[in-house]
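The chain contents come next:
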Amino acid sequence: MKIRDMLEKGEPTVSFEIFPPKSSYSLETVFDTLTELKGLHPDFISVTYGAGGTAQSNTVEIASRIKKDFGIESIAHLTGCTSTKEGMKRTLASIKDSGIENILALRGDIPQEKLADKNWKPEYRYASELIDDIKAAGDFSIGAACYPEGHVDSINKVDDLKNLKKKMDHGADFMITQLFYDNDLFYQFKEKLDLVGIEQPVIAGILPVLNIKQVKRIQEISGCNLPPKFLRILERYEHDPASLQEAGIAYAVDQIIDLLSSGVDGVHIYTMNKPDATRRIMENISCVRKAVCRKEPQR
Ligand code: FAD
């Protein structure tokens with residue numbers, strides 16, 4: 001089923017993100033994770049796309065098996081910045097042949113060595129250019145990334161919003177946000193989308209904080225705001241991993257219940273391939289999910 005059709009029903013989706021296992025682990029490990037996630041009845045599962053090599057073909061294989069073997073709808077992430085047009089044609093053909101109906105179209109983070117190479121000319125400069133080629137390759141439902149606090153490369157938030165509008169005008173059906181810990185910033189972002197006339201649904205990306213290393217990494221990548229309530233948790237439990245994980249799960253539950261109660265289009269949980277934490281979150285939001293969400297995940 002296409003995610004745009006799920007979202008059209010106007011009831012929030014609850015979905016998960018997983019990543020292909022690192023090369024030191026067997027591909028099969030991800031299917032153990034998926035067996036556990038299946039019992040939580042997500043509306044769909046997304047599979048991230050690595051920087052290169054086998055991780056990329058694994059994305060297509062995993063997304064295909066989520067749909068065929070696990071009976072859950074899937075979405076394959078796809079990045080353009082290091083790909084050639086010819087290579088992308090082949091990847092899109094293999095995605096289509098695998099029966100995958102949904103693609104999250106991304107520019108990707110430009111590797112340092114490419115940025116340093118004065119002669120490097122990307123064949124895909126922006127996600128919008130990849131969206132054009134995905135549309136030409138078949139009838140996919142296309143998602144795009146959005147950044148409630150602005151993309152780290154953007155010169156200012158106004159231009160970032162204008163660029164997001166261009167991207168959506170190229171034909172993306174919905175957005176999934178960068179992680180955030182301050183729901184008010186998400187609600188303000190939604191108002192700005194209204195002002196610039198972006199009408200496609202926005203799925204909120206939620207990353208439960210499970211350890212201190214992860215928080216440092218998050219800050220590096222996204223530079224997102226950490227509200228005082230969140231910082232208090234970090235300070236209090238910095239040296240107490242079990243309590244930090246407990247508080248991180250509770251914080252994510254609180255965020256999700258607030259979002260679902262406020263009429264969000266969907267919530268996407270970055271599982272970090274950790275089914276236990278995801279299960280705890282799903283148990284805690286189950287009553288609210290029953291009250292406001294799609295009744296039965298459909299294919
Ligand atoms: P774009 O939309 O192309 O934007 C990139 C920058 O260019 C922005 O600053 C934007 O303002 C600017 N821009 C866009 N269009 C124009 C234009 N026409 N003119 C001038 N400037 C413009 N990365 C991975 O490698 N693999 C993944 O699986 C992955 N999954 C992700 C999932 C989600 C939900 C999110 C939010 C991010 C994900 N990322 C992933 C990270 C993403 O690839 C990076 O954030 C990347 O730096 C930007 O990708 P984008 O598609 O948002 O780029």
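Residues numbered from 1 in each chain as written. Predicted model: local features only at pLDDT ≥ 70, side-chain atom pairs only at ≥ 80, totals over all residues.

If you look the protein chain up in an unreviewed UniProt entry, it shows as Methylenetetrahydrofolate reductase from Trichococcus patagoniensis. Reading the Sequence similarities (unreviewed entry) entry of the UniProt record for the protein chain gives the comment "Belongs to the methylenetetrahydrofolate reductase family." Under the UniProt heading Cofactor (unreviewed entry), the note attached to the protein chain is "FAD". (UniProt positions renumbered as here; feature names shortened; annotations may be inferred.)

### A short note on the overall build of the protein chain
Looking only at helices and strands, the protein chain features 12 helices and 8 strands. Each principal axis of the C-alpha atoms in the protein chain carries an extent, and together these give about 50 × 45 × 40 Å. In the protein chain, which comprises 299 residues, the share counted as buried stands at 39%. A separation of at least 24 residues holds for 82% of the contacts in the protein chain among residues at least 6 apart in sequence. (Helix = DSSP H or I, 4+ residues; strand = E, 2+ residues; numbered from the N terminus. Buried ≥ 20, exposed ≤ 12 C-beta atoms within 10 Å, placed from the backbone. Contact = placed C-beta atoms within 7 Å.)

### Quick look at the pairing of strand 4 (residues 102–106)
Most of strand 4 sits out of view: 5 of its 5 residues are buried. Because side chains alternate across strand 4, one face comprises the buried residues Asn-102, Leu-104 and Leu-106, and the other comprises Ile-103 and Ala-105, equally buried. Where strand 3 (residues 73–79) meets strand 4, 4 bridges bridge the pair, whose relative direction is parallel. Residue pairing across strands places Leu-78 opposite Ala-105, the latter belonging to strand 4. Here strand 4 pairs with strand 5 (residues 141–146) via 4 bridges, running parallel. Pairing of Leu-104 across the sheet is with Gly-143, part of strand 5. (Pairing = 2+ DSSP bridges.)

### Some words on the nonpolar core
Soluble globular proteins tend to pack their nonpolar side chains together in the buried interior. By size, the foremost hydrophobic cluster in this structure holds 72 residues, and its most contacted members are Ala-76, Ile-103, Ala-105 and Val-267. The element best represented in this core is helix 11 (residues 241–261), accounting for 5 residues. Once residues lying within four places of it in the same chain are set aside, the contact partners of Ala-76 are Val-47, Thr-59, Val-60, Ala-63, Ile-95, Ile-100 and Ile-103. (Core = buried A, V, L, I, M, F, W, Y, C linked by C-beta atoms within 7 Å.)

### Section: the site of the ligand
Near the ligand there are 23 residues, and of these Thr-48, His-77, Arg-107, Ala-127 and Ala-145 occur at the shortest range. Of the residues forming the shell around the ligand, the biggest block, 4 residues, is contributed by helix 7 (residues 157–169). Residues that form the shell around the ligand fall into these classes: 7 nonpolar, 10 polar and 6 charged. (Near = placed C-beta within 6 Å. Nonpolar A, V, L, I, M, F, W, Y, C, P; charged D, E, K, R; others polar.)

### What to know about the sheet that holds strand 3
Strand order in this closed barrel of 8 strands is 1-2-3-4-5-6-7-8, and the pairing throughout is parallel. On average, each strand axis in the sheet is tilted by 25° relative to the strand beside it, whichever way the strands run. Both strand 1 (residues 13–18) and strand 2 (residues 44–47) contribute to a ladder of 3 bridges, which runs parallel. Along strand 2, the bridge assignment pairs Phe-16 with Ile-45. (Axes fitted to C-alpha atoms, helices over the stretch in contact; angles between N-to-C directions.)

### Focus: the pairing of strand 2
Side chains Phe-44 and Ser-46 project from strand 2 onto one buried face, and the interleaved Ile-45 and Val-47 project onto a second face that is buried too. Between the parallel elements strand 1 and strand 2, the chain passes through helix 2 (residues 28–38) in a crossover that is right-handed. Summarising the sheet, strand 2 and strand 3 pair through 4 bridges and their orientation is parallel. Counterpart to Ser-46 in the pairing with strand 3 is Ile-75. (Right-handed = clockwise from strand over helix to strand, strands pointing away.)

### Topic: the environment of Lys-290
By secondary structure assignment, the location of Lys-290 is in helix 12 (residues 275–292). With 9 C-beta atoms packed within 10 Å, Lys-290 lands in the exposed category. Separated by 224 residues in sequence, Lys-290 and Ile-66 have C-alpha atoms that sit 24 Å apart.

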